[in-house]
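# A structural walkthrough
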Amino acid sequence: MSPARGSGRAPRIPLPRASVEDGGLPLPPAEPAGPGPLTLEHPVLKSLLGAWALAACSAEETAAVEEHLGDCGACADEARRLREAVGLLQRPESLDLDPGLRTRVLDGCLDRRPPRIPVPVWAASYDAETARLDALLQDFGDAEWHAPVRLRWFRGEGATSRRTTVAGVIAHLLAVDGLVAVALGLDDPLTPFATGDRPGAAAETDRTDRTDDMGGTDETDRPDETVGRDGSHRSGKPVDTPARRTESFWAGSHFPPTRSVRGPWREQTHALVRTVSFTGGGPGTMPVSYGGFELPLRDAMLDRAFECWVHAEDIADAVDYPYAPPAPRHLHGMIDLAARMLPETLAARRRAGLAAPSRTRHLVTAGRPGRSLRLEIEGSGGGQWLIPLDSPGAVGSADHEVAHVALDDVEFCRLAAGHVSPEEAAAGQLGDREAIRDVLFAAASLSRM
């Protein structure tokens, strides 16, 4: 209801306002019009097509070009070709394939149609890592094959290294994989160098001990200074350790290894996978001798997969190329092998005086629980392991846990490869510091040439 007349209060509903036209006031000035469209000659418009395809023209030039394309068929065809070319040049994603693509494709294929002769699960990581390394090598030119590489490992209380080339690394893998080949009854790649009947072989033996096979002086203590060029030990002991086999292979070559070593290496990797597949995985417990120790075949294949990945990273670093870690399940298998080898390695270091003596007066009886360290590996390939500290035959026990160490999965693998020192390993530590130090140094001692 409206307020009473004469109340003095303003009405609640305002009266309509008078328009500008009705008030007799002058109208506001109109806004100035913008500049008209560009008028450009045909040659100029044609010269702008490249910039237009790259979206580098101004708004006015873009409008002029697009208006012209509606009238000129020749320029429209040229613009379409330029836009397609730009699309090829500007890929939104990396050209590198996803490292897990091969595994996913194979898994998908095998789920649909299982292979008649499957690769044993314990050989799958070796199959995958050799394939990845071969893919890295396929486009290498001479410069990449001769790129310098430094092999690194840990010995005693410190790091050591050996100079070679990319081709020398592949020769090293070929020679050491030959240990598995020999155990399976295949040809030994060192056979041509085992006779020592090359002219001048005896005279060259001493020179081999003093100089680097790749053309430089070795800056570290050589672990196998008594290995002759004929591939045998001075005491008559045949070549059997990975280092001796590698030195024999390098020294027995007439020239430093070149790209020609890739073929024999790849043929041997195929032969190893094919042989263990045809046997149905039965000989997984067959011993493979590494000279100073033995591994069952299933663990030897994991060991070779691990070294293939480590040296593939060495090669990728040498040519400045990114290289991803293995698939999580393969990485887990490699870490599990290293964890299982730690007790014996720790005992060997203790016998050599490189680790603290056992806290117990006598070794723990095999199969019995003893002091343990919990090794926690984080990441997609990780897990937890209880490492017995006082005897390699003891059983890890949570009730007897005295220390806890946590590391990233890739960091632990690089420690086990001798690429990270125990002092530099980024490890979370809790408990007995002496036990933690001994286990970290034992992990680094798993590495070798």
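Shown above is the structure to which this text applies.
Before going into details, it helps to say that this report is about the structure given with it. Quick caveat: nothing in here was measured; it's all calculated off a predicted structure.

## A look at the pattern of salt bridges
Under the defined criterion, the tally for this structure stands at 22 salt bridges. Here Glu-157 and Arg-437 are joined by a salt bridge, their closest N and O atoms 3.2 Å apart. Highlighted residues: Glu-157 in the loop between β1 (148-155) and β2 (158-165) and Arg-437 in helix α16 (residues 433-445), separated in sequence by 280 residues. For Glu-157, a relative accessible area of 39% puts it in the partly exposed group. Between Arg-374 and Glu-401 there is a salt bridge; the shortest N-O distance is 2.8 Å. Placement of the pair is Arg-374 in strand β5 (residues 369-378) and Glu-401 in strand β7 (residues 395-408), with a sequence separation of 27 residues. Under the relative-accessibility criterion, Arg-374 is labelled buried at 19%.

## A few points about the packing of helix α9 (residues 166-183) against helix α13 (residues 297-318)
Where α9 meets α13, the axes come as close as 11 Å, and the angle between the chain directions of the two elements is 180°. Considered as vectors, α9 and α13 are oriented roughly antiparallel to each other. Between α9 and α13, the contacting residues are Val-166, Val-169, Ile-170, His-172, Leu-173, Val-176, Asp-177 and Val-180 on the first element and Leu-297, Ala-300, Met-301, Arg-304, Glu-307, Cys-308, His-311 and Ile-315 on the second. Classifying every residue of the contact of α9 with α13 gives 11 nonpolar, two polar and three charged.

## What about α16?
An ideal rise of 1.5 Å per residue puts 18 Å on 13 residues; α16 measures up with 18 Å between its terminal C-alpha atoms. For α16, every residue scored as buried is listed here: Ala-435, Ile-436, Asp-438, Val-439, Leu-440, Phe-441, Ala-442, Ala-443 and Ala-444. At its buried positions, α16 is contacted by β1, α14 (328-351), β5, β7, α15 (409-416) and β8 (428-431).

## Topic: the sheet that holds strand β6 (residues 383-388)
What holds strands together in a sheet is hydrogen bonding between their backbones, with the strands either parallel or antiparallel. Read from one edge to the other, the open sheet built from four strands follows the order β6-β5-β7-β8, with strand pairing classed as mixed. The sheet is open, and its two edges are formed by β6 and β8, each paired on a single side. The sheet shows a mean angle of 25° between the axes of neighbouring strands, taken without regard to direction. The strands that α14 touches are β5 and β6; relative to β6, the one it contacts most, it runs at about 10°. Strand contacts of α15: β5 and β7, with the helix running at about 100° to β7, the strand carrying the most contacts.

## Brief notes about the pairing of β6
As paired strands, β5 and β6 are joined by six bridges and run antiparallel to one another. Note that in β6 the partner of Glu-376 across the bridge is Gln-384. Two successive antiparallel strands, β5 and β6, enclose a turn made up of four residues, where Gly-379 displays a positive phi of approximately 110°.

## A closer look at the packing of α9 against helix α11 (residues 242-252)
Contact geometry of α9 with α11 gives a least axis separation of 9 Å together with a crossing angle of 130°. Put simply, α9 runs oblique to α11. Considering how the two elements wind past one another, α9 and α11 form a crossing that is right-handed. From α9, Gly-168, Ala-171, His-172, Leu-174, Ala-175, Val-176, Gly-178 and Leu-179 reach across to α11, where they touch Pro-242, Arg-245, Thr-246, Phe-249 and Trp-250. Looking at the contact of α9 with α11, its residues break down into eight nonpolar, four polar and one charged.

## As for the packing of aromatic side chains
This model, assessed by the stated rule, comprises four aromatic pairs. Between the aromatic rings of Phe-140 and Trp-145, the centroid separation amounts to 6.1 Å while the plane-to-plane angle is 75°, which identifies the pairing as edge-to-face. Accessibility classification places Phe-140 together with Trp-145 in one group, the buried group. Here the aromatic rings of Phe-154 and Phe-441 are separated by 5.8 Å at their centres, their planes lie at 70°, and the arrangement is edge-to-face. With a gap of 287 residues between them, Phe-154 in strand β1 and Phe-441 in helix α16 connect regions that are remote in the sequence. Using a relative accessible area of 6% as the deciding quantity, one classes Phe-154 as buried.

## Topic: the side chain of Asp-314
Following the sequence through the fold, Asp-314 ends up in helix α13. Its relative accessible area of 5% is what places Asp-314 among the buried residues. Here the side chain of Asp-314 touches His-311 through a polar contact of 3.0 Å, side chain to side chain.

## Considering α13
Helical periodicity: at 3.6 residues per turn, an α-helix aligns residues three or four positions apart in one direction. End to end, α13 covers 31 Å across 22 residues, agreeing with the expected 32 Å (1.5 Å per residue, within 8%). Counting buried residues in α13 gives 19 out of 22 residues, a clear majority hidden from the surface. One or two positions beyond α13, positive phi appears at Asp-320, with a value near 55°.

## Quick word on the environment of Ala-355
Among the secondary structure elements, Ala-355 is positioned in the loop between α14 and β5. Take Ala-355: its relative accessible area is 11%, and that puts it in the buried class. Each C-alpha atom of the pair Ala-355 and Ala-435 lies 8.9 Å from the other, and the pair is 80 residues apart in sequence. The residues touching Ala-355, leaving out its near neighbours within four places in the chain, are Leu-346, Arg-349, Arg-350 and Asp-438.

## Focus: unusual backbone geometry
In the Ramachandran plot, Ala-55 falls in the positive-phi region, its phi being about 60° despite a non-glycine side chain. Mapped onto the elements of the fold, Ala-55 is located in the loop between α3 (49-53) and α4 (59-69). By relative accessible area, Ala-55 is classed as exposed at 66%. For Asp-320, which is not glycine, the phi dihedral falls at a positive 55°. Within the secondary structure, Asp-320 sits in the loop between α13 and α14. For Asp-320, a relative accessible area of 72% corresponds to the exposed category.

Basis of the calculations
Residues numbered from 1 in each chain as written. Predicted model: local features only at pLDDT ≥ 70, side-chain atom pairs only at ≥ 80, totals over all residues. Heavy atoms only, no water. Salt bridge = Lys/Arg side-chain N within 4 Å of Asp/Glu carboxyl O. Helix = DSSP H or I, 4+ residues; strand = E, 2+ residues; numbered from the N terminus. Buried < 20%, exposed > 50% of the residue type's maximum accessible area, 1.4 Å probe, protein only. Axes fitted to C-alpha atoms, helices over the stretch in contact; angles between N-to-C directions. Parallel < 35°, antiparallel > 145°, perpendicular 65-115°, else oblique. Contact = heavy atoms within 4.5 Å. Nonpolar A, V, L, I, M, F, W, Y, C, P; charged D, E, K, R; others polar. Expected span 1.5 Å × (residues − 1). Pairing = 2+ DSSP bridges. Left-handed = near helix turned anticlockwise from the far one by under 90°. Phe/Tyr/Trp six-rings, centres within 6.5 Å; stacked < 30°, edge-to-face > 60°. Polar contact = N/O pair within 3.5 Å; in protein donor to acceptor, adjacent residues only side chain to side chain.

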